[in-house]
Amino acid sequence: MSQSTTTITRNARWTDGLTPAHWRTLAGGFLGWIFDGYEAMAPLLIMTPMLHSVLSNSQAKSVGLYAGLLLGITLIGWGIGGLAGGVVADYMGRKKVMLWSVLLYAAFSGGTAFAHGFVSLVSLRFLTGLAMGSEWSTGVALVSETWPDGARAKGVSFLQSGYGWGTFIAGIAWYMLSRAMPDSPDAWRWMFVLGALPALFVLYLRRGVDESEKWAAAVKGAQWVEEEFGEHGTPSRRPFPLKQLLASPTSRKLLLSSLLLSMVTSTGLWAVSSWLPTHVVTLAQGEGLPDAQLWGAKVSLIYTAGAIVAYLAAGFVVDVIGRRAFVCATFAGSLAMTIVTYHFVVTPQTMMWVAPISGFFTLGCSYVWMAIYPTELFRSSVRATAISFVFNGARLVIWVFPILAGSMIRSLGGIPHAALLFGSIYVIGIIVPWFMPETLGLPLPD
């Protein structure tokens, strides 16, 4: 897989060369990722009233099981949709797939408001995840391929911050609905009605965002992965993108290494950090503090705030220390904060200081590297497929964690013991980057 050795001039300002068209493209991806963040957080916030509303009396006796099933099946849909969307985006273009992704998940999200049983609820959440999955990869590919090399990392890290802002918007929306409709058993439905608003965003995407010229040129010039074909030359008929990536020894190594790092990120989040609010509530209850549930909510907000800071800063940091060092530091920090959070912190008051630092590493840096590094490893003709495989492939492995979380915590002796055990996976993330190439200062592969 060839890359130009032309380096980026380091003395130039990073904003040099940016035009209104670049900022419009970033705005499109950023707003799309806000909607994704909202959609990911909303079910977590309203899980209790939502399940009480749709479960039968017999089902309500196992509410934890149904909560896990709902999250796990949504993750499956998200993962499948992301993988399929990435492939389609390499065939049909980034903008067109993003348009359909936003429109469909807005429709299915709005439809969730009318669910009246668990089967209809989980079906609509699966379809929402299926539609939502491809939005991230198309947005990241579009910004990466249109922004100048010197600003690319900043652009995609800004895009990634939309996820954090989306979770904040979801929290604010639920707070306002709870205040406005405190006794309504159907207040949760309005969260999904609000989730249908992104359909209006399609009008902006159609007018304000241009298609990637790099992708169009790569497809027109049949710029496939060359190692697959050897001395036989480039085929006249386009090969399947994922087959290209796996058939080429170079791209296969990069793809599987990146996927392994993605699994470290996802395992860390779903098997470690997702337990943080519950752990804090337990600490607050142990101290006899009033409003123990409120402590969990507050910690969740400042944890996300730490992640947003990481999203905004990552593009600048990674352009100074390099991609491999950034990924290594990310997982080293995540490992350290897991140990501090679940071994040394024993009061909710102390957790208020620790949580934003943990969020900075385990949610912020742990996800933003996937928007920066993998896009620089693969050609434009297969880029969306590759980054979708990296980002969403892990979800198809870790979706079982929300379902098995309760039994794992019990068998391992409580949340702290389980978190420390699963947190050891961060060691893999510290080692793997050093077996991958450094892309700092290089333009995107054609």
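Our structure's up above, just so we're on the same page.
A few points on the structure. Bear in mind the structure is a predicted one, so any value in this text is a computation, not a measurement.

Our next topic: the overall build of the protein chain. The helix and strand inventory of the protein chain stands at 20 helices and 0 strands. Its C-alpha atoms give the protein chain a radius of gyration of 22 Å, near enough to 22 Å, the size a compact globule of 446 residues would have. A buried classification covers 55% of the 446 residues belonging to the protein chain. Residue pairs at least 24 apart in sequence account for 84% of intrachain contacts in the protein chain once pairs closer than 6 positions are excluded. One finds the centroid of the 28 positive side-chain charges in the protein chain at a distance of 2 Å from the centroid of its 22 negative side-chain charges.

Attention now goes to the packing of aromatic side chains. Inspection of every chain in the model, using the stated rule, returns 16 aromatic pairs. Both rings, one in Trp33 and one in Trp136, keep their centres 6.5 Å apart while their planes meet at 55 degrees; by these two values the pair is tilted. Of the two residues, Trp33 sits in helix α1 (residues 20–45) while Trp136 sits in helix α5 (residues 118–146), which places them 103 residues apart along the sequence. For the pair Trp33 and Trp136, one class covers both residues: buried. Among the aromatic side chains, those forming a connected cluster through ring pairs are Trp14, Trp23, Trp147, Phe158 and Phe316.

Let us now look at the state of the cysteines. The full count for this structure, using the stated rule, is 0 disulfides. Of all cysteine sulfurs, the one in Cys365 lies closest to Cys328, which takes part in no disulfide; the gap is 12 Å. On the basis of relative accessible area, Cys328 is assigned to the buried category, the value being 14%.

Of all hydrophobic cores here, the largest spans 91 residues; its most connected members are Trp136, Trp275, Leu276, Tyr367, Trp369 and Phe378. Beyond its immediate chain neighbours, meaning those up to four positions away, Trp369 contacts Ser258, Leu261, Ser262, Thr265, Phe326, Val327, Phe331 and Pro374. Of all hydrophobic cores here, the second largest spans 26 residues; its members include Met50, Val54, Ala113 and Val122.

Between side chains of opposite charge, a pair can form as their charged atoms come close. Scanning all chains against the criterion turns up 12 salt bridges. Among the salt bridges present, the one from Asp16 reaches Arg13, with a minimum N-O distance of 3.4 Å. The exposed category is assigned to Arg13, whose relative accessible area is 61%. For Glu145, the salt bridge goes to Arg94, with nearest N and O atoms at 2.7 Å. In this pair, Glu145 is assigned in helix α5 and Arg94 in helix α4 (residues 94–112), connecting sequence segments 51 residues apart. Judged by its relative accessible area of 5%, Glu145 falls in the buried class. If you follow the salt bridges from partner to partner, you end up with Asp149, Arg152, Lys154, Asp319, Arg323 and Glu376 in one network.

Right, let's get into helix α12 (residues 276–286). Three or more residues of α12 are buried, namely Leu276, His279, Val280, Val281, Leu283 and Ala284. Packing partners of the buried residues in α12 comprise α13 (292–321), α14 (323–344), α15 (348–372) and α19 (415–423). Immediately downstream of α12, the backbone of Gly288 shows phi near 70 degrees, a positive value.

Parameters at a glance
Residues numbered from 1 in each chain as written. Predicted model: local features only at pLDDT ≥ 70, side-chain atom pairs only at ≥ 80, totals over all residues. Heavy atoms only, no water. Helix = DSSP H or I, 4+ residues; strand = E, 2+ residues; numbered from the N terminus. Rg over C-alpha atoms; globule rule 2.2 N^0.38 Å. Buried < 20%, exposed > 50% of the residue type's maximum accessible area, 1.4 Å probe, protein only. Contact = heavy atoms within 4.5 Å. Lys, Arg positive; Asp, Glu negative; His and termini not counted. Charge placed at Lys NZ, Arg CZ, Asp CG, Glu CD. Phe/Tyr/Trp six-rings, centres within 6.5 Å; stacked < 30°, edge-to-face > 60°. Disulfide = S-S within 2.5 Å. Core = buried A, V, L, I, M, F, W, Y, C linked by side-chain atoms within 4.5 Å. Salt bridge = Lys/Arg side-chain N within 4 Å of Asp/Glu carboxyl O.

As far as function goes, none of this settles anything; it's purely spatial.
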